[in-house]
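Fold and contact review
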Amino acid sequence: MVKEAETLKAVFNEFEHTVRENIALLKTQQQCMINGEYEVFEQLTFKQEDFDRKLRLIEQQRAAVSDSLCEELSIPTGTSILQIVEKLGDEGRELMVSVSRMIEAMRELTFSRTNLERMINFQLSYIEFLQAGMAGTGKMHTYNPAGKSANLQKTERFQGDG
Amino acid sequence: MRITHNMLHNTVLKDITNTYRDVAKLHEQGSSGKKVRYPSDDAIVATRASNIGTKLREIEQYQRNASTVETYIKSYDSITDELGALSYRLRELIVNGANDTLTADDRATIAQEIDRIKDQFIQLADTSISGEYIFAGAESIKMPVDADGNIVMSAEANVARSVDLGRYRFEYNFTVYDAFTVDGNESVFNLMSDLSKNLRGDNPNGYLNSHALEKLDRYESNIQSIIARNGANGNFVQMATNRFDDSVVFMTEYLSKEQDADFMETYTNLQNLQAVLQAAMKTGGNIMNYSLVDYVRA
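**Quick look at the overall build of chain A**
Check the secondary structure of chain A and you find four helices and zero strands. In sequence order, chain A lays out its α and β elements as α-α-α-α. A burial count over chain A gives 24% of its 162 residues as buried. Long-range contacts, defined here as pairs at least 24 residues apart, represent 55% of the contacts in chain A between residues at least 6 apart.

In structure tokens, the structure reads:
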């Protein structure tokens, strides 16, 4: 296999590894949501930001390695991986296995992310529900500098405009 | 100013009356267990208590909703487990049936077992909880599959059922089209009927080795996806139940003690939590926007 193809395979493997770590983190975050451990959850959110940065860097690396492989194979830069694999012929088989595993990991990541977002959305809407119960309005508002209440919602008890 | 006896009398009388009123109020609070019995005692706290009392009843309904959904999730869980095991057995029978050395009688025996598995699939598809067929979508009072394995549930009924959990619409159900079809098209009952028919025919190997196994692969992956989604639903309901339980404890305590200090602390905590959750929503959302997605799809 050409050297660039080997490097590209290593990049895909690193991507898959990072995504799998990220999935584990999302699962821990989900467990924190279930248990109501919000301080731990917040700490894990910082780690999630690190993952975002790391994945962005790997993606930049992927684009660079892929372009240099395209030059090596005399095909236009930015060509998709399927076309690169086709061009590589038998040598591209291992690369394709790495790509498939990476795509599978990305699918799992999307699934975990969607579940966490669903949990967060529930919590946010439930917080609004609790706040409404406590304050008798959607939010407990104060007066703005102009002396008018901002966004006071009309309720059964409060029918004014602030 | 000269203090007359009459003034002294009036003052003493007033003091006595006030003391009696305070004693009576304390007595009332003692018997009701509440610091604020009438809105005039403390209008703000009384209004808040009334709001919280209403919310408490609402949360109790959400708890019942969550409990119902939990029953569905547990049923889906055990049914998909069974479907997985039956599919595994089906795979063994297909591989076995494609063996060239088998006689027509051997194949007929395999076909009979496949017929029995089909019956088990039908029974699972028609599982009901308290008279509601759990795979029937919007037509939950009608059996979704008839005794011959025909899906009789209308396509219009193939909708997600949802329940209100704390003002959040939560979708929890799976229909026969989700759990008993290959890619939402061909029914798994038809697949088994075809298998049985081919095994009783002259040359079943072509069908068994290519079509049947390939369709079963896709069906098994479908079941795996349902198991994963149902598992995620289970986590969600567990989380919602925990939050409802927490709220009930807080609100019940608030109503019994009416302590504003607790209230403000809880309110502030909720605002902090809101910020934490909103920050979490902003992270991790861009991963799939990367050019990588185009790169692997194109």
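So that's the structure; there's more coming.
**Focus on the packing of helix H3 (residues 104-125) of chain B against helix H5 (residues 188-200) of chain B**
Residues and elements named next belong to chain B. Remark: H3 packs on H5, axes separated minimally by 8 Å, with the N-to-C direction vectors making an angle of 165°. In terms of their interaxial angle, H3 and H5 are classed as roughly antiparallel. As for the relative orientation of H3 and H5, their crossing is left-handed in sense. Contact with H3, carried on its side by Arg107, Ala108, Ile110, Ala111, Ile114, Asp115, Ile117, Lys118, Phe121 and Ile122, involves Val188, Phe189, Met192, Ser193, Leu195, Ser196, Leu199 and Arg200 of H5 and no other residues of that element. Partitioned by chemical class, the residues of the contact of H3 with H5 number twelve nonpolar, two polar and four charged.

**A short note on the packing of helix H1 (residues 3-35) of chain A against helix H2 (residues 38-72) of chain A**
All names here are of chain A. Between H1 and H2, the least distance of the axes is 9 Å, while the angle of their chain directions is 165°. Here H1 lies roughly antiparallel to H2, going by the angle between them. For the pair H1 and H2, the crossing hand works out as left-handed. Partitioning the contact of H1 with H2 into residue classes produces 15 nonpolar, nine polar and six charged.

**Description of the interface of chain A and chain B**
Residue-level contacts link 44 residues of chain A with 41 residues of chain B. Elements supplying a minimum of two residues to the side of chain A that touches chain B: H1, H2, helix H3 (81-88) and helix H4 (93-135) of chain A. With 23 residues, the top contributor of residues to the side of chain A that touches chain B is H4(A). Split by residue class, the side of chain A that touches chain B holds 22 nonpolar, 13 polar and nine charged.

**Brief notes about the environment of Ile59(B)**
Residue and element names in this part refer to chain B. Secondary-structure assignment places isoleucine 59 in helix H2 (residues 43-97). The spatial distance from the C-alpha of isoleucine 59 to the C-alpha of tyrosine 88 is 43 Å, given a sequence separation of 29 residues. With sequence-adjacent residues up to four places away left out, isoleucine 59 is seen in contact with Phe244, Ser247 and Val248.

**Re H1(A)**
One turn of an α-helix holds 3.6 residues; hence residues three or four places apart share an orientation. The end-to-end C-alpha distance of H1(A) is 48 Å, a good match for the 48 Å that 33 residues give at a rise of 1.5 Å each. Gly36(A) sits one or two positions beyond H1(A) and adopts a positive phi of about 75°.

**Re the confidence of the model for chain A**
Where the model shows low pLDDT, its predicted coordinates should not be examined in detail. All names here are of chain A. Of all residues in chain A, 82% have pLDDT values of 70 or greater, and the mean over the chain is 84. Element-level pLDDT for chain A is lowest in H3, with a mean of 89, against a maximum mean of 94 in H1. Across residues 138-145 the pLDDT falls below 50, and counting only partners more than four positions away or on other chains, this stretch makes 14 contacts in the model. Below a pLDDT of 50 lies the segment residues 156-162, which in the model reaches nine contacts outside its immediate sequence neighbourhood of four places, other chains included.

**Quick notes on the pairing of strand S3 (residues 162-165) of chain B**
All names here are of chain B. Pairing analysis gives four bridges linking S3 to strand S4 (residues 168-171), with the strands arranged antiparallel. Paired with leucine 165 across the strands is tyrosine 168, a residue of S4. Linkage of S3 to S4, two consecutive antiparallel strands, is achieved through a turn of two residues, within which glycine 166 is found at a positive phi near 60°.

**Describing the confidence of the model for chain B**
Residue and element names in this part refer to chain B. Across chain B, pLDDT averages 83, with 81% of residues at or above 70. Mean pLDDT in chain B bottoms out at helix H1 (residues 5-32), which sits at 50, and peaks at H3, which reaches 96. Across residues 1-5 the pLDDT falls below 50, and counting only partners more than four positions away or on other chains, this stretch makes one contact in the model. Confidence estimates for the predicted assembly give a pTM of 0.79 and an ipTM of 0.77.

**As for the environment of Arg218(B)**
Residue and element names in this part refer to chain B. By secondary structure assignment, the location of arginine 218 is in helix H6 (residues 205-257). The class of arginine 218 is partly exposed, set by 14 C-beta atoms lying within 10 Å. C-alpha separation for the pair arginine 218 and leucine 93, spaced 125 residues apart in sequence, amounts to 17 Å. Those residues in contact with arginine 218, other than ones at most four positions away along the chain, are Val182 and Asp183.

**Looking at the nonpolar core**
Side chains that are nonpolar tend, in soluble globular proteins, to be buried together. Residues Ile94(B), Phe121(B), Ala125(B), Phe135(B), Val176(B) and Ala240(B) are the most contacted members of the largest nonpolar core, which totals 64 residues. Listed by contribution, the elements that provide at least two residues to this core are H1 and H4 of chain A together with H2, H3, S4, helix H4 (176-179), H5 and H6 of chain B. In this structure, Ala240(B) is in contact with Phe122(A), Ala66(B), Leu165(B) and Gly166(B), ignoring residues within four places of it in sequence. Counting residues in hydrophobic clusters, the runner-up holds 17 residues, among them Leu55(A), Ile81(A), Leu95(A) and Leu109(A).

What counts and how
Residues numbered from 1 in each chain as written. Chains lettered and ligands numbered in written order. Predicted model: local features only at pLDDT ≥ 70, side-chain atom pairs only at ≥ 80, totals over all residues. Helix = DSSP H or I, 4+ residues; strand = E, 2+ residues; numbered from the N terminus. Buried ≥ 20, exposed ≤ 12 C-beta atoms within 10 Å, placed from the backbone. Contact = placed C-beta atoms within 7 Å. Axes fitted to C-alpha atoms, helices over the stretch in contact; angles between N-to-C directions. Parallel < 35°, antiparallel > 145°, perpendicular 65-115°, else oblique. Left-handed = near helix turned anticlockwise from the far one by under 90°. Nonpolar A, V, L, I, M, F, W, Y, C, P; charged D, E, K, R; others polar. Expected span 1.5 Å × (residues − 1). pLDDT = per-residue confidence, 0-100. Pairing = 2+ DSSP bridges. Core = buried A, V, L, I, M, F, W, Y, C linked by C-beta atoms within 7 Å.

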